[in-house]
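So you can see what is in the structure, the chains are spelled out below.
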Amino acid sequence: MSMAQGGEVWSGTAPAKVNLYLHVVGKRDDGYHLLDSLVVFADVSDALTLARADAPSLAVSGPFAGAVPAGDDNLVLRAVRRLAAATGHPDGIAITLDKRLPVAAGIGGGSADAAAVLRGLARIWDLAADDPRLREVAAGLGADVPVCLDGRTAWLGGVGERLDPGPDLAGIPILLVNPGVPLSTPAVFKARQGGFSPEARFAEARPGLDRLCRLLADRGNDLAEPAGRLVPAVTEVLAALAAQPGCRLSRMSGSGATCFGLFDSPAAARAAASVLAGHGWWAAAGALL
Ligand code: C5P
């Protein structure tokens, strides 16, 4: 993240959000699902700039620019308008978004971008990082925006608004793989069958990869089965990831269709990335933040 002199321009990143496990533990009367999840962030990201301007605007570039919904209801422009209304600042902000992460993919996407915009606005408008209006606007924009606003490993509860600091997992090599088929979050929740899973937080504050994989062995993603029914490529990606040398664990993130593998080494993750990109899939190797 950087700021030019005078607080006029901000540039920063919107890291991919990854659910290491995701249990659906209940359902609210309004239809939203209660979740228990361990959320981490990877150094694979979109990039944004914000600058003061006469009117709000959004210019999108990058490999996934074509998949970003344009217009006023885009989540990043909604983030500007809502925080401007909540704080009394003029909403004249020009945003550029380099869209490097796949869209509707279970790794934050629009939520991560909206959260990055809130962080940037806080700098430009000189709001404290813990200003409650940031959290309120984030929660109103979507269930994943508050955790992306914090951008740190977190235990997530409720419908996404209950956050507690998670274990330190920084540096663990990860490979994200997306089969190129968008998945609608409401459709995946709707396709889910069966009952609820238990809450499954663990106490370790700093597990290494071996211990983490043992802990995650019986904690999966309850949305992987319905997502795989809607998009069979999810199941293919998970099998291909599991077959890569050095892959210690493979899971789907969020409501899919992006899956991830945790790897023994950065080199193993990079080697698997080039193999899986050969299937025509998006594959990006990095490390947990
Ligand atoms: O809040 P967000 O727009 O990200 O959620 C999209 C949809 O996903 C919701 O309208 C709801 O159908 C479903 N959802 C859910 N339970 C959650 C989060 C999302 O049922 N905790």
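Under an unreviewed UniProt entry, the protein chain has the name 4-diphosphocytidyl-2-C-methyl-D-erythritol kinase and belongs to Inquilinus ginsengisoli. Per UniProt, the protein chain has the following entry under Catalytic activity (unreviewed entry): "4-CDP-2-C-methyl-D-erythritol + ATP = 4-CDP-2-C-methyl-D-erythritol 2-phosphate + ADP + H(+)". Under the UniProt heading Pathway (unreviewed entry), the entry covering the protein chain gives this text: "Isoprenoid biosynthesis; isopentenyl diphosphate biosynthesis via DXP pathway; isopentenyl diphosphate from 1-deoxy-D-xylulose 5-phosphate: step 3/6."

A. Up close: the site of the ligand. As a matter of local geometry, the ligand sits amid Tyr 32, His 33, Leu 35, Gly 142, Ala 143, Asp 144, Val 159, Gly 160, Thr 185, Pro 186 and Phe 189. Put simply, the parts of the chain that give the shell around the ligand at least two residues each are strand E3 (33-52) and helix H5 (185-191). No other element matches H5, which puts three residues into the shell around the ligand. Of the residues in the shell around the ligand, the class split is six nonpolar, four polar and one charged. Counting contributing residues per domain, the shell around the ligand is built from domain 1 (2-165) and domain 2 (173-287), each supplying no fewer than three.

B. A look at the domain arrangement of the protein chain. You can read the domains of the protein chain as domain 1 (2-165) and domain 2 (173-287). Each of domain 1 and domain 2 has a C-alpha centre, and these two points are 22 Å apart. At the junction of the two partners, domain 1 supplies 22 residues and domain 2 supplies 33 residues. Among the elements of the structure, strand E2 (9-27) and E3 are those that each provide at least two residues to the side of domain 1 that touches domain 2. Of all the elements, E2 adds the most residues to the side of domain 1 that touches domain 2, at 10 residues.

C. Spotlight on helix H9 (residues 266-277). With 12 residues, H9 extends 16 Å between its outermost C-alpha atoms, agreeing within 8% with the 16 Å of an ideal straight helix rising 1.5 Å per residue. For H9, the set of buried residues is Ala 269, Ala 272, Ala 273 and Leu 276. For H9, the buried positions fall inside an angular range of 110° around the axis, keeping them on one side. Of the residues in H9, the exposed ones pointing more than 90 degrees away from the buried face are Ala 267 and Ser 274.

D. Spatial organisation of the environment of Ala 129. Relative to the helices and strands, Ala 129 is located in the loop between helix H2 (110-124) and helix H3 (132-141). Spatially, the C-alpha atoms of Ala 129 and Pro 179 are 36 Å apart, while their sequence positions differ by 50 residues.

E. The sheet that holds strand E8 (residues 173-178), seen in detail. Spatially, four strands are ordered E9-E10-E8-E11 in an open sheet, and the strand pairing comes out antiparallel. Each edge of the open sheet is held by one strand with a lone partner, namely strand E9 (247-252) and strand E11 (282-287). For this sheet the average axis-to-axis angle between neighbouring strands, irrespective of direction, equals 20°. Pairing between E9 and strand E10 (residues 259-263): five bridges, direction antiparallel. Its bridge partner lying in E10, Arg 251 is registered against Phe 260. In the packing of helix H8 (residues 233-242) onto the sheet, the strands contacted are E8, E9 and E10, and the crossing angle to E9 comes to about 170°.

F. Just the UniProt feature "domain: GHMP kinase N-terminal" (unreviewed entry) in the protein chain, in detail. The sites that UniProt annotates as "domain: GHMP kinase N-terminal" (unreviewed entry) are residues 74-151. As annotated, residues 74-151 has a helix share of 56% and a strand share of 8%, and its two end C-alpha atoms lie 21 Å apart.

G. Main features of the pairing of strand E6 (residues 154-157). Of the two faces of E6, only the one carrying Ala 154 and Leu 156 is buried; Trp 155 and Gly 157 on the other face are not. Sheet topology places E3 next to E6; three bridges connect them, and they run antiparallel. Residue pairing across strands places Leu 38 opposite Trp 155, the latter belonging to E6. Between E6 and strand E7 (residues 162-165), which pair antiparallel in sequence order, lie four residues; one of them, Gly 158, sits at a positive phi of approximately 60°.

H. Focus on the UniProt feature "active site" (unreviewed entry) in the protein chain. Per the UniProt record, the feature "active site" (unreviewed entry) sits at Lys 17 and Asp 144. In three dimensions, the annotated residues from a span of 128 residues occupy one location, with a maximal C-alpha spread of 8.9 Å. With respect to the element layout, Lys 17 can be found in strand E2. Classification of Lys 17 by C-beta neighbours within 10 Å gives buried; the count is 27. When sequence neighbours within four positions are dropped, the list of residues in contact with Lys 17 reads Val 39, Phe 41, Ile 107, Gly 108, Ala 112, Asp 144, Val 147 and Cys 148. Beyond its immediate chain neighbours, meaning those up to four positions away, Asp 144 contacts Lys 17, Gly 108, Ser 111 and Gly 160.

Definitions and limits used
Residues numbered from 1 in each chain as written. Predicted model: local features only at pLDDT ≥ 70, side-chain atom pairs only at ≥ 80, totals over all residues. UniProt positions renumbered as here; feature names shortened; annotations may be inferred. Near = placed C-beta within 6 Å. Helix = DSSP H or I, 4+ residues; strand = E, 2+ residues; numbered from the N terminus. Nonpolar A, V, L, I, M, F, W, Y, C, P; charged D, E, K, R; others polar. Domains from an automatic or database assignment. Contact = placed C-beta atoms within 7 Å. Expected span 1.5 Å × (residues − 1). Buried ≥ 20, exposed ≤ 12 C-beta atoms within 10 Å, placed from the backbone. Arc of directions from axis to C-beta. Pairing = 2+ DSSP bridges. Axes fitted to C-alpha atoms, helices over the stretch in contact; angles between N-to-C directions.

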